[in-house]
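Here's the letter readout for the chains.
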Amino acid sequence: MKPFAVTEGVYQVGGPELTAPDDCCIYLVDLGKPMLVDTGAGSGVQKLLANLEQIGYSPRDISLIVLTHCHIDHVGGVPYLKEKYGLPVAIHDLDAQAVEEGDSRRTAASWYGVSLEPISIKFRLSGKEGVLEGGTSPLRWLHTPGHTPGSISLLIDNGLYRILFGQDIHGPFYNSFGSNLDDWEASMRRLLEESADILCEGHFGIIQPASEVRRYIEDYLRNYGRL
């Protein structure tokens with residue numbers, strides 16, 4: 001499978017069929033200021049770089065890596081990208097400590113039988129929401145806890161569609177992650193209010209149109225007895 005354009009300014013450049021089996025779905029957002037949404041578990045980082053090159057990008061073009069939460073399958077590629085290219089990283093404050101300490105439990109590295117070296121964070125996102133300068137349109141981040149305490153979701157509008165990056169909104173939920181189903185329910189209801197046209201999910205790829213995005217989120221609310 002090759003990297004592909006989801007819509008104007010949004011590409012899927014990584015995932016189980018694109019980089020490595022343990023990777024989350026990895027997205028490139030470029031509305032004038034390229035940003036990478038998550039990095040995979042690390043073993044597929046060379047393939048990730050090749051995929052970026054295939055769609056016309058150098059890793060040095062990336063202005064920021066935005067981590068949607070602290071788990072290894074989303075953050076494992078960061079050490080190489082930081083060391084090799086000096087790319088800055090942003091993550092919510094409530095998940096930052098886990099990656100800065102290389103906590104094998106909270107980052108789920110122990111699940112994968114690997115270790116995560118501590119990662120220094122340049123930008124700690126705090127509060128309930130904010131904006132990352134993205135070029136012609138800002139990249140909004142929303143604090144959407146539940147899967148982990150510091151999980152965030154991202155939203156952009158490329159002039160054609162409202163695109164939601166809702167990594168791992170499906171869970172799973174474990175005490176070792178700091179999961180909280182009440183927080184998750186509130187987060188999902190908040191995302192439904194955004195009425196996104198396209199959902200770029202963390203492990204299940206691209207979901208569209210808006211009616212399918214709504215159904216996807218509502219189905220999980222039903223599955224967990226929250227709707």
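Rules used throughout
- Residues numbered from 1 in each chain as written.
- Predicted model: local features only at pLDDT ≥ 70, side-chain atom pairs only at ≥ 80, totals over all residues.
- Heavy atoms only, no water.
- Helix = DSSP H or I, 4+ residues; strand = E, 2+ residues; numbered from the N terminus.
- Expected span 1.5 Å × (residues − 1).
- Buried < 20%, exposed > 50% of the residue type's maximum accessible area, 1.4 Å probe, protein only.
- Contact = heavy atoms within 4.5 Å.
- Pairing = 2+ DSSP bridges.
- Axes fitted to C-alpha atoms, helices over the stretch in contact; angles between N-to-C directions.
- Patch = residues over 30% accessible without salt bridge, like charges linked within 9 Å, V, L, I, M, F, W, Y side chains within 5 Å.
- Areas by Shrake-Rupley, 256 points an atom, 1.4 Å probe, with all protein chains shown as cover.
- Salt bridge = Lys/Arg side-chain N within 4 Å of Asp/Glu carboxyl O.

1. Quick look at helix α6 (residues 210–223)
- For α6, built from 14 residues, the straight-helix expectation of 20 Å at 1.5 Å per residue is met to within 8% by its first-to-last C-alpha distance of 20 Å.
- Burial in α6 covers these residues: Val213, Tyr216, Ile217, Glu218, Tyr220 and Leu221.
- Taken together, the buried residues of α6 touch α5 (181–193), β12 (198–201) and β13 (206–207).
- Gly225 sits one or two positions beyond α6 and adopts a positive phi of about 70 degrees.

2. Examining the sheet that holds strand β6 (residues 89–92)
- Spatially, β1-β2-β3-β4-β5-β6-β7 is the arrangement adopted by the seven strands of the open sheet, whose pairing is mixed. Each edge of the open sheet carries a strand with a single partner, namely β1 (4–7) and β7 (123–125). In this sheet, adjacent strand axes meet at a mean angle of 30 degrees when their direction is disregarded.
- Pairing between β6 and β7: three bridges, direction parallel. Bridge pairing in β7 places Ala90 opposite Phe123.
- Against the sheet, helix α1 (residues 45–54) makes contact with β2 (10–14), β3 (26–29) and β4 (35–37), and its axis sits at roughly 145 degrees relative to β2, the strand it touches most.
- Along the sheet face, helix α4 (residues 93–101) touches β6 and β7 and points at about 120 degrees away from the line of β6.

3. Observations concerning the side chain of Ser176
- Relative to the helices and strands, Ser176 resides in the loop between β11 (162–166) and α5.
- Using a relative accessible area of 18% as the deciding quantity, one classes Ser176 as buried.
- Those residues in contact with Ser176 that sit more than four places away from it in its chain are Arg105 and Arg106.

4. With respect to a nonpolar patch on the surface
- On the surface, Trp111, Tyr112, Val114 and Tyr174 cluster together into a nonpolar patch covering about 400 Å² of accessible area.
- The topology assignment puts Val114 in the loop between α4 and β7.
- A residue is classified by how much of its surface remains accessible, and Val114, at 42% relative accessible area, is partly exposed.

5. Describing unusual backbone geometry
- Note the cis peptide between Gly171 and Pro172, where omega equals 5 degrees.
- Tracing the chain through its elements places Pro172 in the loop between β11 and α5.
- Between Gln208 and the following residue, Pro209, the backbone shows a cis peptide bond with an omega angle of 0 degrees.
- Within the fold, Pro209 resides in the loop between β13 and α6.
- Located in the positive-phi region is Asp38, a residue other than glycine, with phi close to 70 degrees.

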